Amino acid sequence: MMTQDPNLLIQNYKTLPGVYDELLDEDGQIRNKYRFLVKSFHELGSQELINRRRDADRILRENGVTYNLYQSDSPEAKERPWDLDLFPLIMESEEWSVLERGLNQRADLLDSLLRDVYSKRRLLSEKKIPAEILFNEASFLRACDGMFESNHFLATNPALLFYVCDLIRASDGNFYVLNDRVQAPSGSGYSLENRIVLSRIFPSIYREAMVHRVAVYFRSLRKSLNQLANVSGREPVIVLLTPGPSNETYFEHAYLSGYLGYTLVQGEDLTVRKNKVYMKTVEGLQQVDLILRRVDDVFMDPLELRGDSLLGVPGLLEAVRSGNVKIANPIGSSFLENRALLPFYSDLCRFYLGEDLILPMAPTYWMGNREHNVQVMMSPEKYVFKTVSRSDEEEPVTFIELSGERKDLFLLKLKQFPKRFIAQEMIASATVPVLSENGFRPGRAIMRTFVTSSGSGYQTMAGGLVRVSPSLDDFFITSQRGAWSKDLWVLASETQKEETLLVPKSENISISRKGSGVPSRVADNLFWLARYLERSENQTRVFREATYKILQLEDGYEKETVHNVLKLVTHVTNSYPGFLGDDANELLLYPFGELQKLATDRNLVGSLAFNLRGLVHASKSVRDRLSEDMKKIMLSLEDNANKPIETYDQLIDILHKIIINLSSLTGLSFENMSREAGWYFLDLGRRIERSINLILILQGMLRWDSFKDKAAFDNLLSINDIRITYNRRYRGRIDQESVLDILLFDITNPRSFAYQLDQINIDIKQLPGKEDKVMYAEDRAALQLYTHFKMKDIEIIFSEDNPMTIIYDWLEELHVHLRNLSDSISIRYFNYAEEQTRIGDGNGGF
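Read on for an overview of the structure. Every chain is numbered independently, its residues counted from 1 as its sequence is written. Local features in a predicted model are, by the rule used here, given only for residues with pLDDT of at least 70; side-chain atom pairs are given and counted only at 80 or more, and totals for whole chains, interfaces and linings are based on all residues. To get the side-chain values, take all heavy atoms of the structure and skip hydrogens and water.

### Some points on the environment of Glu-537
Spelled out, the test is: Strands here mean DSSP runs of E at least two residues long; helices mean DSSP runs of H or I at least four residues long; both are numbered from the N terminus. Burial classes follow relative accessibility: with a 1.4 Å probe on protein chains only, a residue under 20% of its type's maximum area counts as buried, one over 50% as exposed, and anything between as partly exposed.
By the element assignment, Glu-537 lies in helix H16 (residues 520-552). By relative accessible area, which is 2% here, Glu-537 ends up buried. As for Glu-537 and Leu-608, which are separated by 71 residues in sequence, their C-alpha atoms are 8.9 Å apart.

Structure representation (structure tokens):
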């Protein structure tokens, strides 16, 4: 333990003139609220802090905490690991109570404003805002007008269930509001994850600091959602609607759905029938009572809002008007994010609440107001210019960074379209300590706070998400721009009791041994996750066998055997011509380049890398369905699949690791997943793909007549991981009949074709939606497959004149039956055909 002065941690810490610093006061002394924490960090020592930094990074990575960065040159978002600074921002209870009152007041104000905008619009009749701010803004959704008055429940309960507020501390030490996020606010899940990580990394410090718990917020949120669902006599069906895995905060969507116990859905999982919203599950349609959304307003209903949206649900707004489903937050609330409202909030607060605004706004001016425009343009370098609408893709700018042609173009925009812009006075954000290997260094920070409704009004999370710019020169602090995160600790005056989301003893829970409905999209992804897993494992085993044979090749001995395995690589990856081309001699002589390409090129369809990417993609689509262990294995698999391969030794090493990863995933899914509907689709995908892979390998070896080669039999047994059992049974003897029997007909071999068919028949019977004495398409397909297989056995085949030709044709017929089975499952369970009504005669007439 170090005994030197704790100030050593801050010896290189330099504050900025005229800027408030969270750690040091005006005299350069550590503020009282930080003394305990700085002393504790100092006592841990630099090496221990480095170790805990690594532990934190490991936990975040194992938990899959990421933030997706949008890229202009790619339609796909790039995952960025979540960066968490270990030194939290601290606030004392007295200071926090002022913020809490201000945030709760702001929630009341926003709720009143939202109701008024879509009903009587008193703010216009009383001339509190210019009418063009409302009617010229796309975020004002005319389709939502009157929604709160027409629905009794919405008329008598808070419309705004939650919101987030971004705050900045100015040089005077006071907090100012920068903006609000209302329609689909993010960050609470990241804040919770930050808290969990720090409490694990510094358990003693966290306990002794007496920090307010954030679980209280989530308990209030869940209670409010249950109340909003307004269901009696049963548990409400609540879903969390996400845009999908490419969204920047998809991790949080999956994380919160699991934490709160809600089903994660995408727009395609929902449908509207007779003004009610249903989730399309493999069990049938399940009515939804409430949608907790993470999709922006305009994308929610392509029928009445943005017609090209694939993220929403056609007919959703009419279902809301009918009172058959609730939305949190309500569709239409994006208007509250209109930045042109910011200059008017002080007057609006007095108008709606009869109170002065507790939390001041950063001085903001709407450029559509002539007086505001004149005032701003007198000293434009003092302001940051932002578009009124958040959906506008134009980035915020300052005159400090503009020059030459860029400046002239922006001035022209301001002159031509002043109503599109607001000007916000630049406030030098407070600096906060960021822990580095050389002690603390300063960074600029913005604090995001979270508010939810409760039984007695609104409740603010006693904590928050702090975003920190790694550079003091950065004025704009956003996660998209690479900001780090910090946890916000609000200190309590007494030890805090543990808070959880467990139901209190006073509430009864009905015992259930049946899972909630599995969306068809989820079942589809589980089915293909298993297929990609099996396909990847099969290819990896073939690759490994080929590499082994190459490394064991001596003086031309068994050269033909090596060539046959390499041809099998081409066959199972469908990468023709490859090792089977007319000019393949060069490749067969120097095969490493082709193997390297097939193992690493993710854009080459059919390659091992391509199938591993498909597996990872499918897993992210069902992230909320996977256990923590499965997520960690998947992360390890992704790491191994992305490693460079420059030598045969590296190739062998990576193939070993991939096989272990894939086998671990198979084992975890088999042993740790409950036998609900989703599992049976997973297992069916595994069995169908394993059967197809066996057929492909056997047909490939038959095609180039390698079944006469004893070494080829040995390769086949090794690839299918049954060589030890075979050698023990046949004592080293090997022939065609015995090899084909153990691979095709031996029911004790878990990789045999017969074993797969038995498991398929078991799984088919467990699929949902079955009625007694009714044979469905998938039942018929499974029966035809099983019957066709049972028409043959090893003795019948080898009693024929040309058994190899018969086997090849028979395997092809089985392959067709397997494809038919897969198609029948997909058609019945994964594709919902919506009812369609033809309008007109097809030529625009009626």
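And the narrative resumes.
### A few points about the packing of aromatic side chains
Applied cut-off: Stacked, edge-to-face and tilted labels apply to pairs of Phe, Tyr and Trp rings (six-membered ring for Trp) whose centres lie within 6.5 Å, assigned for plane angles under 30 degrees, over 60, and everything in between, in that order. In our convention, an over-ring charge means Lys NZ or Arg CZ found within 6 Å of a ring centre and within 35 degrees of that ring's normal.
Following the criterion strictly, the structure yields 36 aromatic pairs and no others. Both rings, one in Phe-41 and one in Phe-202, keep their centres 4.9 Å apart while their planes meet at 40°; by these two values the pair is tilted. Separated by 161 residues along the polypeptide, Phe-41 in helix H1 (residues 32-44) and Phe-202 in the loop between helix H8 (188-201) and helix H9 (203-209) bring together distant segments of the chain. Like Phe-41, the residue Phe-202 is buried in the burial classification. An aromatic cluster is defined as three or more aromatic residues linked by ring pairs; in this entry it consists of Tyr-67, Trp-82, Tyr-190, Tyr-217, Phe-218, Phe-251, Tyr-255, Tyr-259 and Phe-450. In this structure, Arg-675 packs its charged tip against the face of Phe-670, placed 5.1 Å from the ring centre.

### Digging into the pattern of salt bridges
Short version of the rule: Salt bridge, as applied in this entry: a Lys or Arg side-chain nitrogen positioned within 4 Å of an Asp or Glu carboxyl oxygen.
Scanning all chains against the criterion turns up 47 salt bridges. The partner of Glu-22 in a salt bridge is Arg-169, with the nearest N and O atoms 2.7 Å apart. With Glu-22 in the segment before H1 and Arg-169 in strand S4 (residues 162-169), this residue pair connects regions lying 147 residues apart in the sequence. Residue classification places Glu-22 among the buried positions, given a relative accessible area of 3%. For Arg-169, a relative accessible area of 5% corresponds to the buried category. Between Glu-62 and Arg-58 there is a salt bridge, and its shortest N-O distance comes to 3.3 Å. With Glu-62 and Arg-58 both in helix H2 (residues 46-62), this residue pair falls four residues apart, about one helical turn. On the basis of relative accessibility, which here comes to 26%, the residue Glu-62 falls in the partly exposed class.

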